[in-house]
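Below are the chains, spelled out letter by letter.
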Amino acid sequence: MRMLTTASDNEVAIGEDFEIAIEEPGASGYRFRASFDERFLSLLSERHSVSKPFGNDCTAQFRFRARASGNCELAFTLCAPWDPEPGAVRTFLLRIKGSQD
């Protein structure tokens, strides 16, 4: 499975699965939440690792499947249940290619 590591110039094909991993602050309770256009992508899984030793940064891993051709933006917002203000945002830009692209 392909891992996307850059914020732009990402190209995937319809039906292709891919992952994005983002570092999260460890033991803070803040986690990244993904937002995207569901016409273009499906979220297959989301995993937040536990750091060792306790307190180090963690990793959030998101697995997606491309559903339709076009340009799509994935935004990952750092959030906590008790904090109404969103934190940092990481954005990834995708071009999803169809069979005729």
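Here we summarise the structure given alongside this text. Just so it is clear, the structure is predicted and the values come from calculations on it, not from any experiment. (Residues numbered from 1 in each chain as written. Predicted model: local features only at pLDDT ≥ 70, side-chain atom pairs only at ≥ 80, totals over all residues. Heavy atoms only, no water.)

Quick look at the sheet that holds strand β5 (residues 41–48)
Strand order in the open sheet made by the 4 strands is β1-β3-β6-β5, with mixed pairing throughout. Lying at the two open borders of the sheet, with one neighbouring strand each, are β1 (2–4) and β5. Direction aside, neighbouring strands of the sheet carry axes that sit 30 degrees apart on average. Bridge count between β1 and strand β3 (residues 17–24): 3 bridges; the pairing is parallel. Bridge pairing in β3 places Arg 2 opposite Phe 18. (Pairing = 2+ DSSP bridges. Helix = DSSP H or I, 4+ residues; strand = E, 2+ residues; numbered from the N terminus. Axes fitted to C-alpha atoms, helices over the stretch in contact; angles between N-to-C directions.)

What to know about the environment of Gly 29
One can find Gly 29 in the loop between β3 and β4 (31–35). Between the alpha carbons of Gly 29 and Cys 58 there is a distance of 11 Å; along the sequence they are 29 residues apart. Residue contacts for Gly 29: discarding those within four places in its chain leaves Cys 79, Ala 80, Pro 81 and Trp 82. (Contact = heavy atoms within 4.5 Å.)

Remarks on the environment of Glu 85
As for its position among the elements, Glu 85 is in the loop between β7 (70–79) and β8 (89–97). Taking the C-alpha atoms as reference, Glu 85 lies 35 Å from Gly 15; in sequence the two are 70 residues apart.

Brief notes about the nonpolar core
Formed by 20 residues in total, the largest nonpolar core has its most connected members in Phe 18, Ile 20, Leu 41, Phe 64, Leu 74 and Phe 76. At the level of secondary structure, the elements contributing two or more residues to this core comprise β3, β4, β6 (58–66), β7 and β8. (Core = buried A, V, L, I, M, F, W, Y, C linked by side-chain atoms within 4.5 Å. Buried < 20%, exposed > 50% of the residue type's maximum accessible area, 1.4 Å probe, protein only.)

Let's talk about the pattern of salt bridges
Using the criterion set out here, one finds 6 salt bridges in the structure. Across the pair Arg 2 and Glu 16 runs a salt bridge whose closest N-O atoms are separated by 3.2 Å. Placement of the pair is Arg 2 in strand β1 and Glu 16 in the loop between β2 (10–13) and β3, with a sequence separation of 14 residues. When its relative accessible area of 36% is taken as the criterion, Arg 2 is described as partly exposed. Across the pair Arg 63 and Asp 17 runs a salt bridge, and its minimum N-O distance is 3.3 Å. Here Asp 17 lies in strand β3 and Arg 63 lies in strand β6, a separation of 46 residues in the sequence. Beyond isolated ion pairs, a larger network of salt bridges with shared partners links Glu 11, Arg 95 and Lys 97. (Salt bridge = Lys/Arg side-chain N within 4 Å of Asp/Glu carboxyl O.)

Remarks on the sheet that holds β4
The 4 strands lie next to each other as β2-β8-β7-β4, forming an open sheet whose pairing is mixed. Taken across any chain shown, the strands that pair with only one partner, and hence form the sheet edges, are β2 and β4. Each adjacent strand pair in this sheet contributes to an overall mean axis angle of 30 degrees, direction not counted. Bridge count for β2 against β8 is 4 bridges, and the pairing is parallel. Across the sheet, the residue bridging to Val 12 is Ile 96, located in β8.

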